[in-house]
Amino acid sequence: MARVLIVGAGLTGSLCAALLRKAAARPLHLAVWDKAGDSGGRMTTASSPHNLQSTVDLGAQYITCTPHYAKKHQSFYDELLARGVLKPLTSPIEGMVIKEGDCNFVTPHGVSSIINHYLKESGADIYFRQCVIQINLRNDKWEVLRETGSPEQFDIVVLTMPAPQILQLQGDIVNLISECQRQQLESVSYSSRYALGLFYEAGTKIDVPWAGQYITSNPCIRFISIDNKKRNIESSEIGPSLVIHTTVPFGVTYLEHSTEDVQELIFQQLENILPGLPQPVATKCQKWRHSQVTNAAANSPGQMTLHLKPFLVCGGDGFTQSNFDGCVASALCVLEALKNYI
């Protein structure tokens, strides 16, 4: 049975796992490793420590489907809508730019529910807090080393983490990446930002006419969402939850500062936008060093194959674009590259 390792439990990695399971002509042993403590990657949903049903999306807020991808990826949208993972966005988002023919969707159970859906479909063994540090070639297999735990061997490895993290890997992989591929990976650039989740007690009222709002006049804050309202979920037992996304210039300026200091700065600016907000019962501040791709790898649409036998391939939004359809496109390209090996 071929052993396949997918590094990264974000959208590309989870969908790769589901697609490989479906397309494989023979039984596969699928494993997904992620260095974080939970699935989602940049489509992550955080829960209040006081009430696990009170959640905020710290990454992607909603999914925009253009007419082009509505046709190209129709089966993916149809399936997620039929399963109730997605539903149309009907809540008011102030300042949102809507182009003709676009459809917007939200996730009733948080944006990480998309990833969890695909991971479940894949039947893969999923391991968190697995930080890959080295990949070596051993007897026509990949020996993968992580920070903790013993090395494991795989027949196929798919890397879906951000390009800078691929370039940090040690071992034989360093010499397997050609000079041209290295330049392509080095050319991938990302914006940086912070997201701050605020959780409130049940019964707390936040009296604004919108569910989300783009802010254009603040040096720190770019977007605010009342997440339960965004998803059209009102409950007397679950308090409201807010998420604040910073501007990219703010994120870059304070990238190396402590999250405690950054959280305090965001609170100060939030007071200017929403004066008199009650005190939250819990907070979660997330630093996105690699937030959204600003420059994708040139001449490698969807994936980059580093080695053929045994197979080693990179995928993710660094080879397409940072949205749902970009990750779907990358996962499909990885599948196409792998189909003769599974």
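Residues numbered from 1 in each chain as written. Predicted model: local features only at pLDDT ≥ 70, side-chain atom pairs only at ≥ 80, totals over all residues. Heavy atoms only, no water.

(A) Here's a closer look at helix α7 (residues 179–186). Taken residue by residue, α7 has Q181, R182, Q184 and L185 as its buried positions. Angularly, the buried residues of α7 cover 160 degrees about the axis, an arc narrow enough to put them on a single face. Every exposed residue of α7 that faces more than 90 degrees away from the buried side is listed here: E179, C180 and E186. The inward-facing, buried residues of α7 abut α5 (163–167), α6 (173–176) and β21 (303–307). (Buried < 20%, exposed > 50% of the residue type's maximum accessible area, 1.4 Å probe, protein only. Helix = DSSP H or I, 4+ residues; strand = E, 2+ residues; numbered from the N terminus. Arc of directions from axis to C-beta. Contact = heavy atoms within 4.5 Å.)

(B) Structural context of the sheet that holds strand β13 (residues 156–159). Pairing in this open sheet of six strands is mixed, and the strands run β9-β2-β1-β13-β22-β21 from one edge to the other. Unpaired on one side and paired on the other, β9 (125–127) and β21 mark the two borders of the sheet. Averaged over all pairs of adjacent strands, the angle between strand axes in this sheet comes to 20 degrees, irrespective of strand direction. As defined by bridge partners, strand β1 (residues 2–7) adjoins strand β2 (residues 28–33) across six bridges and the pair is classed as parallel. From the neighbouring strand, V4 faces β2, where its bridge partner is L30. Together, β1, β2 and β22 (311–315) form the strand contacts of helix α1 (residues 11–23), whose direction differs from that of β2 by roughly 175 degrees. (Pairing = 2+ DSSP bridges. Axes fitted to C-alpha atoms, helices over the stretch in contact; angles between N-to-C directions.)

(C) Broad picture of the sheet that holds strand β12 (residues 152–154). The three strands lie next to each other as β10-β11-β12, forming an open sheet whose pairing is antiparallel. Each edge of the open sheet is held by one strand with a lone partner, namely β10 (132–138) and β12. For this sheet, the mean inter-axis angle between neighbouring strands, taken without regard to orientation, is 30 degrees. Note that strand β11 (residues 141–146) and β12 share three bridges and pair antiparallel. Looking at β12, one finds that E143 is bridged to Q153.

(D) Seen up close, the nonpolar core. Grouped together as the largest cluster of nonpolar side chains are 42 residues, with contacts concentrated most on I6, L11, L20, I114, Y118 and F324. When residues in this core are grouped by element, the largest group, eight residues, is from helix α11 (residues 324–338). With near-sequence residues (within four places) excluded, F324 lies in contact with L11, I63, F76, Y77, L80, I114 and Y118. Residues L5, I166, V188 and C314 belong to the second largest nonpolar core, which totals 27 residues. (Core = buried A, V, L, I, M, F, W, Y, C linked by side-chain atoms within 4.5 Å.)

(E) Main features of the UniProt feature "signal peptide" (unreviewed entry) in the protein chain. The UniProt record annotates "signal peptide" (unreviewed entry) at residues 1–25. Within residues 1–25, the helical portion is 52% and the strand portion 24%, while the C-alpha atoms at the span's ends are 11 Å from each other. (UniProt positions renumbered as here; feature names shortened; annotations may be inferred.)

(F) Looking closely at the pairing of β13. The alternating pattern of β13 places I156 and V158 and V157 and L159 on opposite faces, both of which are buried. With four bridges connecting them, β13 and β22 associate as parallel partners. Opposite L159, over in β22, you have C314 as the bridge partner.

(G) Representation of the environment of G59 within the structure. Here G59 lies in the loop between β4 (55–57) and β5 (63–65). Through-space distance from the C-alpha of G59 to that of Q286 is 8.9 Å; in sequence the pair is 227 residues apart. Beyond its immediate chain neighbours, meaning those up to four positions away, G59 contacts R42, T44, H245 and W288.

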